[in-house]
Amino acid sequence: MNTPPDTIIILAPVAPFRGGIARHSSSLARALARTPGINLIVESFERLYPRLLYPGLDDRDRNQAALKDLTIRYDLDTLNPLSWRRAVTRISAHRPKLVVIPAWTFFVSPGLAAIARALRRRGIPVVQIVHNIVDHEGVWWKRWLCERQLQAADIYITHGEALADQLRTIAAERPVLICSHPAYADYPPPSTRLRREFSLELLCFGLVRPYKGVDLAIEALGSLRDKDVRLTVAGEVWGDIGEWRSLAADHGVADRVEFIPRYVSDQEAADLFDRADAVLAPYRSMSGSGVAALSAHYRRPVIASDLPGFAEIVVPGRNGWLFPAGNSAALADLIASEVTRERAAALSATMPVSADETGWDEFAAALLNCRRGAEICQ
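The notes below deal with the structure included here. (Residues numbered from 1 in each chain as written. Predicted model: local features only at pLDDT ≥ 70, side-chain atom pairs only at ≥ 80, totals over all residues. Heavy atoms only, no water.)

**Overview of the sheet that holds strand β8 (residues 200–205)**
- Within the open sheet, the six strands sit side by side as β10-β9-β8-β11-β12-β13. Their pairing is parallel. If you trace the sheet from one side to the other, it starts and ends with β10 (257–260) and β13 (320–323), each paired once. For this sheet, the mean inter-axis angle between neighbouring strands, taken without regard to orientation, is 20°.
- On top of the sheet, helix α11 (residues 328–338) reaches β8, β11 (278–281), β12 (302–305) and β13; it is set at about 145° to β13, its chief contact.
- Across the sheet, helix α12 (residues 341–350) is in contact with β8 and β13; its angle to β13 comes to roughly 120°. (Pairing = 2+ DSSP bridges. Helix = DSSP H or I, 4+ residues; strand = E, 2+ residues; numbered from the N terminus. Axes fitted to C-alpha atoms, helices over the stretch in contact; angles between N-to-C directions. Contact = heavy atoms within 4.5 Å.)

The structure is reproduced here in structure tokens:
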């Protein structure tokens, strides 16, 4: 007699939604779907962010198709509690062994918290993959909303010890599993080699928000005696791009800071990482970094602030450099004294290759292994 497969449900944004959480959830969904003995179902969003509250141009990649060969329902609406109730009814009917929900921003927390609480009341274990405890630059009420969601879980998974320590203060009696962030292997290889026009090419990649410290990078560039360094800032700007251009002009580096202030396709990202000698991550705060995982895929060393989340994954002399967070002068000194194309290339040559999605299969296996711990918590 054949044993029926275990149903696992992911409740998260997935492709064609864009951004780090959708990319992460999509990669995990593919890994779970190819795991023997697992019947994967994805509950995703019809509306994630309302237009009035979303600072970007669009939260979907219109050129990206939905995940193929997966059972996905796009019905959730962060502003419609009726859609939350429908999701609880559908999920409960499947009698899943586990429901996996990401935690990343206050805005979706009310809906995800309500769904998670309802499922747990029905005896369905909930695992939350925690990307953020609270929004960057958050205020007390945002933290409160985020914590409401976090309290509605049986077990947590994070990608770093620092975030796990924060979680233990919120739900000390519940287990926290730490798994390293797998490299993104689904990005394409470079299609056209962009021309390197400076002796050192640095890249800041992803959404441009104040906490990511792009201003520190620009200030550091202005302090360098060696003027043959270019900084490319690629990603949608949440705010006024004119302010960033003015900052570059004020520091005398307008000709050495290239802004690509829009959503960057996967192929263009591949070309930008290929041109870069190193990836610059001067964050003021962070709990996890998909950019670091993408840098690992393209074997590019990372210059990062020494926040706990980066200090866990960036090893000086192995895959990058660290500098004191918030200190643009220290960043400038580091670049001037230690970062060259030759040294970056030497690090790249020794970084491990992540050409497939093996890391995501291992992450999926760890998540499934934690199911027993979630069931014990019921």
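So much for the structure itself; the text now carries on.
**Things to note about the side chain of R230**
- With respect to the element layout, R230 can be found in strand β9 (residues 229–234).
- The residues touching R230, leaving out its near neighbours within four places in the chain, are R195, E197, F198, L200, E201, L202, R256, E258 and R275.

**What to know about the packing of aromatic side chains**
- Enumeration over the complete set of coordinates arrives at nine aromatic pairs.
- By way of ring pairs, the aromatic residues Y187, F205, F273 and Y298 are connected into one cluster. (Phe/Tyr/Trp six-rings, centres within 6.5 Å; stacked < 30°, edge-to-face > 60°.)

**Here we look at helix α1 (residues 20–33)**
- In this model, α1 (14 residues) spans 20 Å end to end at C-alpha, consistent with the 20 Å of a helix rising 1.5 Å per residue.
- The buried count for α1 comes to eleven of 14 residues, which makes it a mostly enclosed element.
- Where α1 is concerned, the buried positions are I21, A22, R23, H24, S25, S26, S27, L28, A29, A31 and L32.
- For α1, the elements touching its buried residues are β1 (6–11), β2 (38–47), β4 (98–103), β5 (126–130), α8 (266–275) and α13 (358–369). (Expected span 1.5 Å × (residues − 1). Buried < 20%, exposed > 50% of the residue type's maximum accessible area, 1.4 Å probe, protein only.)

**Here's the deal with the nonpolar core**
- L28 and F205 are the most contacted members of the largest nonpolar core, which has 53 residues in total.
- Broken down by element, the residue count for this core peaks at five residues, all from α13.
- Discounting residues that sit within four places of it in the chain, L28 has contacts with I10, V100, I129, W360, F363, A364 and L367.
- V214, V233, L247 and F259 belong to the second largest nonpolar core, which has 32 residues in total. (Core = buried A, V, L, I, M, F, W, Y, C linked by side-chain atoms within 4.5 Å.)

**With respect to the packing of helix α6 (residues 214–223) against α11**
- Two numbers describe how α6 lies on α11: the axes approach to 8 Å, and their chain directions differ by 55°. Judged by the angle between their axes, α6 and α11 are oblique. The chirality of how α6 crosses α11 is right-handed. Where α6 abuts α11, its residues L216, A217, E219, A220 and S223 lie against S328, L331 and A332.
- Here the contact of α6 with α11 is built from residues that sort into five nonpolar, two polar and one charged. (Parallel < 35°, antiparallel > 145°, perpendicular 65-115°, else oblique. Left-handed = near helix turned anticlockwise from the far one by under 90°. Nonpolar A, V, L, I, M, F, W, Y, C, P; charged D, E, K, R; others polar.)

**Here we look at the pattern of salt bridges**
- Taken as a whole and judged by the stated rule, the model has 23 salt bridges.
- Here E258 makes a salt bridge to R275, at a shortest N to O gap of 2.7 Å. Here R275 lies in helix α8 and E258 lies in strand β10, a separation of 17 residues in the sequence.
- Taking relative accessible area as the criterion, E258 reaches 26% and is therefore assigned partly exposed. (Salt bridge = Lys/Arg side-chain N within 4 Å of Asp/Glu carboxyl O.)

**Topic: the sheet that holds β2**
- Reading across from one edge, β3-β2-β1-β4-β5-β6-β7 is the order of the seven strands in this open sheet, with parallel pairing throughout. Among the strands making up the open sheet, the edge pair consists of β3 (71–77) and β7 (176–178). Each adjacent strand pair in this sheet contributes to an overall mean axis angle of 25°, direction not counted.
- Bridging between β1 and β2 involves six bridges; their strand directions are parallel. Among the inter-strand pairings, T7 is bridged to a residue of β2, identified as N39.
- Of the strands in this sheet, β5, β6 (155–158) and β7 touch helix α5 (residues 161–170), which is tilted by about 175° from β7.

**Quick word on empty space enclosed by the protein**
- Using the criterion set out here, one finds four cavities of 30 Å³ or more in the structure.
- Of the volumes computed, that of the largest cavity is approximately 80 Å³.
- Taken together, C204, F205, G206, L207, V208, K212, V214, L280, A281, P282, Y283 and V291 make up the lining of the largest cavity.
- For the lining of the largest cavity, the secondary structure elements donating two or more residues are β8 and β11. (1 Å grid on protein atoms, 1.4 Å probe; cavity = no way out; pocket = protein on both sides within 12 Å on 5 of 7 lines; lining within 4 Å. Points joined across faces, edges and corners; volume = space filled by probe spheres on them.)

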